[in-house]
Amino acid sequence: MQTLCYCVKITTRDDISLGFTSHDQNLVINALTYQANTALDPTAFTKRLDLSPDNFEVKSFIDSEVISVKDIRGGLYQGATVTAAIVDFIDLPATIDDAIILAKGQVGEISLDDATFFFEIRSKEDKLNQAVNQSISPLCRWTKRLDDDRCGLDKTFFAVTGTITAVTSQFQFTISASFDEPQWFNQSSAGGYVQVISGANQYFRLDIDFVSGNTIGLKNTPPYDFEVGDEVMAIPACDGTWTRCAEFANTDNIGGFFTGGNWMPTSSDLNAYPT
């Protein structure tokens, strides 16, 4: 008789642990209940002897009581740690790490297809494919979120904080403060984000599509509906240009090469003949 099944443990960045099993009954391993989910399908396992990445994918049906569309779109599972293993449901291991480990990694790409979610899991070896050296660019190399230590800015100094006074839709609401520099927040100019301070969406970050007066339009759907009285903080972003950096009075810390700032020869300069 076949007594083996899949078990998948997901631990979010907030240390919330969820367990799922392909068995037809719930399993309890180390006080965590692995909920029966016969649609669970960890796929495409490939273990290699070299250091190339052995990424895999986890897919299953969306369960509104466990994994909801709002939580997925709200980024709750982005960067979560996933362990996929094979267990014997007749003789359960003491912990998931004592089972037959298929793979471990972090959630990368997430996609939704009707009532099914797909989590791409990136292994630790995948980090070896990421560039660790700095690239040279005409634009600033530091993060556009203004939260890079090399940038040296306090992003909250330029933020706009207020409470929601009216909700037009899931994507648009009005706050009690206005924007003196809307170009710092609009998506067409690098875009900023909303950090939700209170309410059902507390702790979530949502990208800004546009700001106008004291109205904010969002680029992505919040996991829960906003309500009047929720407090939010709109934080600007930088487009990496000398002009924007000058607006922040921060050109001494710019991480790019510009006319009027640092200078880097172009390919035309390098190929030019002496005159």
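Because the structure is a prediction, the values reported are computed rather than measured.

Each value, and the rule that gives it
Residues numbered from 1 in each chain as written. Predicted model: local features only at pLDDT ≥ 70, side-chain atom pairs only at ≥ 80, totals over all residues. Heavy atoms only, no water. Salt bridge = Lys/Arg side-chain N within 4 Å of Asp/Glu carboxyl O. Helix = DSSP H or I, 4+ residues; strand = E, 2+ residues; numbered from the N terminus. Buried < 20%, exposed > 50% of the residue type's maximum accessible area, 1.4 Å probe, protein only. Pairing = 2+ DSSP bridges. 1 Å grid on protein atoms, 1.4 Å probe; cavity = no way out; pocket = protein on both sides within 12 Å on 5 of 7 lines; lining within 4 Å. Points joined across faces, edges and corners; volume = space filled by probe spheres on them. Phe/Tyr/Trp six-rings, centres within 6.5 Å; stacked < 30°, edge-to-face > 60°.

K.L.:
Account for the pattern of salt bridges, with residues named and values stated.
P.N.:
Tallying each qualifying case throughout the model produces three salt bridges. Residues Glu 247 and Arg 244 are paired through a salt bridge, measuring 3.2 Å at the closest nitrogen-oxygen approach. With Glu 247 and Arg 244 both in helix α2 (residues 242-247) and three residues apart, this pair spans about one turn of that helix. Note on Glu 247: relative accessible area 36%, which makes it partly exposed. The exposure class assigned to Arg 244 is buried, which follows from its relative accessible area of 4%. Overlapping salt bridges, with partners in common, bring together Asp 239, Arg 244 and Glu 247 in one network.

K.L.:
Lay out the pairing of strand β10 (residues 160-169) with the relevant residues and their values.
P.N.:
Bridge analysis of β10 against strand β15 (residues 231-235) gives four bridges, and the strand direction is antiparallel. Its bridge partner being in β15, Val 160 is matched across the sheet by Ala 234. Where β10 and strand β11 (residues 172-175) come together, four bridges link them in antiparallel fashion. Bridged to Ser 169 within β11 is Gln 172.

K.L.:
So, the pairing of strand β1 (residues 4-11): which residues are in play, and what are the values?
P.N.:
When β1 meets strand β7 (residues 81-88), the two strands line up antiparallel, connected through eight bridges. When the bridges of β7 are listed, Tyr 6 appears paired with Ile 86. Note that β1 and strand β2 (residues 17-21) share five bridges and pair antiparallel. Residue Cys 7 lies in a different strand from β2, and its bridge partner there is Thr 21. Turn length for the β1-β2 hairpin, with the two strands adjacent in sequence and antiparallel, is five residues, and the turn residue Asp 15 shows positive phi of about 65°.

K.L.:
I'd love a proper account of empty space enclosed by the protein, names of residues and values included.
P.N.:
To find leftover empty space, a probe the size of one water molecule is rolled over the atoms. This structure, assessed with the given rule, holds two cavities of 30 Å³ or more. What the largest cavity holds in volume is close to 90 Å³. Along the wall of the largest cavity there are 13 residues; nearest its centre are Cys 140, Cys 151, Cys 238, Cys 245 and Asn 250.

K.L.:
Could you give an account of the packing of aromatic side chains, naming the residues involved and the relevant values?
P.N.:
Enumeration over the complete set of coordinates arrives at six aromatic pairs. A ring pair is formed by Phe 157 and Phe 158, whose centres lie 5.1 Å apart and whose planes are at 85°; its orientation type is edge-to-face. Ring plane angle 50° and centroid distance 4.6 Å describe the contact between Trp 184 and Phe 248, whose orientation is recorded as tilted. With Trp 184 in the loop between β11 and β12 (193-196) and Phe 248 in the loop between α2 and α3 (267-271), the pair connects residues that are 64 residues apart, well separated along the chain. Across the pair, Phe 248 and Trp 184 agree in class, each one buried.

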